[in-house]
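Report on the structure
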Amino acid sequence: MGQTVVQVDAFTDHVFGGNPAAVCILAAPREARWMQDVALEMNLSETAFLVRREDGSYDLRWFTPAVEVDLCGHATLASAHVLWEEGRLGRDETARFHTKSGLLLAVRRGERIELDFPAKREESIAPPDGLLDALGIAVARYVGKNKFDYLVEVESEATVRGLKPDDRALAQLPVRGVMVTSRADEGPYDFVSRFFAPGSGIAEDPVTGSAHCCLAPYWQERLGKAEMVAYQASARGGVIHMRVTGERVMLGGQAVTVMRGELADAVG
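Now for a quick tour of the structure. (Residues numbered from 1 in each chain as written. Predicted model: local features only at pLDDT ≥ 70, side-chain atom pairs only at ≥ 80, totals over all residues. Heavy atoms only, no water.)

Re the overall build of the protein chain
Scanning the protein chain from terminus to terminus reveals six helices and 18 strands. Dimensions along the principal axes, computed over C-alpha positions, put the protein chain at roughly 55 × 40 × 30 Å. Long-range pairs, those at least 24 residues apart, make up 62% of the contacts in the protein chain between residues at least 6 apart in sequence. Surface accessibility of the protein chain: about 11,800 Å² in total, with carbon and sulfur atoms responsible for 47%. Taken together, the 29 basic and 38 acidic charged side chains of the protein chain have centroids lying 2 Å from each other. (Helix = DSSP H or I, 4+ residues; strand = E, 2+ residues; numbered from the N terminus. Contact = heavy atoms within 4.5 Å. Areas by Shrake-Rupley, 256 points an atom, 1.4 Å probe, with all protein chains shown as cover. Lys, Arg positive; Asp, Glu negative; His and termini not counted. Charge placed at Lys NZ, Arg CZ, Asp CG, Glu CD.)

A look at unusual backbone geometry
For Phe16, which is not glycine, the phi torsion reads 70° and is therefore positive. Tracing the backbone through its elements, the reader meets Phe16 in the loop between strand S1 (3-10) and strand S2 (19-26). The class of Phe16 is exposed, set by a relative accessible area of 63%. Here the phi dihedral of Asn43 falls at roughly 60°; this positive angle occurs in a residue that is not glycine. Looking at where Asn43 falls in the secondary structure, it is placed in the loop between helix H1 (32-42) and strand S3 (46-52). Assessed through its relative accessible area of 56%, Asn43 is described here as exposed. (Buried < 20%, exposed > 50% of the residue type's maximum accessible area, 1.4 Å probe, protein only.)

Re the nonpolar core
The biggest cluster of nonpolar side chains holds 55 residues, and the ones touching the most others in it are Leu50, Trp62, Phe97, Ala106, Met242 and Leu251. By residue number, the principal contributor to this core is helix H2 (residues 74-85), which donates seven residues. Setting aside residues no more than four positions away along its own chain, Phe97 makes contact with Leu50, Tyr58, Leu60, Thr76, Ser79, Ala80, Leu83, Gly102, Leu103, Leu104 and Ala106. Membership of the second largest hydrophobic core comes to 20 residues, among which are Leu131, Ala134, Tyr150 and Val178. (Core = buried A, V, L, I, M, F, W, Y, C linked by side-chain atoms within 4.5 Å.)

With respect to the state of the cysteines
Tallied over the full model, the rule gives zero disulfides. This cysteine, Cys214, is not joined by any disulfide, and Cys213 carries the nearest cysteine sulfur, 8.8 Å off. (Disulfide = S-S within 2.5 Å.)

Digging into the packing of aromatic side chains
Using the criterion set out here, one finds six aromatic pairs in the structure. Three or more aromatic residues joined by ring pairs form one cluster here, namely Tyr142, Phe191, Tyr218 and Trp219. Its end group placed over the ring of Trp34, Arg30 keeps NZ or CZ at 4.0 Å from the ring centre. Its end group placed over the ring of Tyr142, Arg222 keeps NZ or CZ at 5.2 Å from the ring centre. (Phe/Tyr/Trp six-rings, centres within 6.5 Å; stacked < 30°, edge-to-face > 60°. Lys NZ or Arg CZ within 6 Å of the ring centre and 35° of its normal.)

Side note on the pattern of salt bridges
In this structure the tally under the stated criterion is 21 salt bridges. Where Glu86 meets Arg260, a salt bridge forms, and the shortest distance between an N and an O atom there is 2.8 Å. Of this pair, Glu86 sits in the loop between H2 and strand S6 (95-99) while Arg260 sits in strand S18 (residues 255-263), and the two are 174 residues apart along the sequence. For Arg161, the salt bridge goes to Glu157, with nearest N and O atoms at 2.8 Å. One end of the pair, Arg161, and the other, Glu157, are both in helix H4 (residues 157-162), four residues apart, so they sit about a helical turn from each other. (Salt bridge = Lys/Arg side-chain N within 4 Å of Asp/Glu carboxyl O.)

Some words on the pairing of strand S16 (residues 238-245)
Residues Gly238, Ile240, Met242 and Val244 point to one face of S16 and are all buried, whereas Val239, His241, Arg243 and Thr245, pointing to the other face, are not buried. Relative to S16, strand S15 (residues 227-232) runs antiparallel, the two sharing six bridges. The residue bridging Tyr231 from the neighbouring strand is Val239, located in S16. Linkage of S15 to S16, two consecutive antiparallel strands, is achieved through a turn of five residues, within which Gly237 is found at a positive phi near 75°. Joining the antiparallel neighbours S16 and strand S17 (residues 248-253) is a turn of two residues, in which Gly246 adopts a positive phi near 65°. (Pairing = 2+ DSSP bridges.)

Brief notes about the pairing of S17
Extensive coverage of S17 is indicated by the burial of five of its six residues. In the sheet, strand S8 (residues 112-118) pairs with S17 via six bridges, with the strands oriented antiparallel. Counted as the bridge partner of Glu114 is Gly252 from S17. Pairing analysis gives five bridges linking S16 to S17, with the strands arranged antiparallel. Each bridged residue has a counterpart across the sheet, and for Thr245 the counterpart in S17 is Arg248.

Quick look at the structure:
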């Protein structure tokens, strides 16, 4: 039998929405080169690889088609979804993941899965050369940077939705990616965003859980709310529910299995 791969749409309640991730539960650890090759073959924003520990927790690593990343929300949500769906965890059990960003937890909250992630707060910076030009905007309300990404606040939801960035120019910036955000227009959402990471092999990420580890505390300070709902306004779109508790951010969303397959025995 080959290696099973499950494709899941995360941060959505319907197929072909949200952000697709591939999930591979491995019998034993594999080489990073092999995992990178599989991620390139899957050609999704992230492919997650899990190995079970004796205590029932899992080692978890994430790869884009180009690089391994230190934190990924949607592929973690997809991984927890698969563990419960396949009966590897009981429905009331907590999924525990050992990652490059420490121990991450996932629990079921009704129809949603809630992830316990670290807050990744930004600090204000002067716009670096080329950033606003690459995004195609003249002025930003705010520019910041955290460990991974640039954060750019713009004046309106229409500006966020209308962005047509220069991927080649963005890929030259010394960060994982760029999140662009604004307050939402009237409706069910508190804020909207988009996320661009051509330098990491992803022109635009459909829904980015890890970006909301920064966006949630950022908008908490400006909106005065600890619980928020956001919409990532990519072509596929996705909804993220958030709770900020100190230096942790709880990210909630749904997930749907799209397909299951096997890598051929000859692979790797």
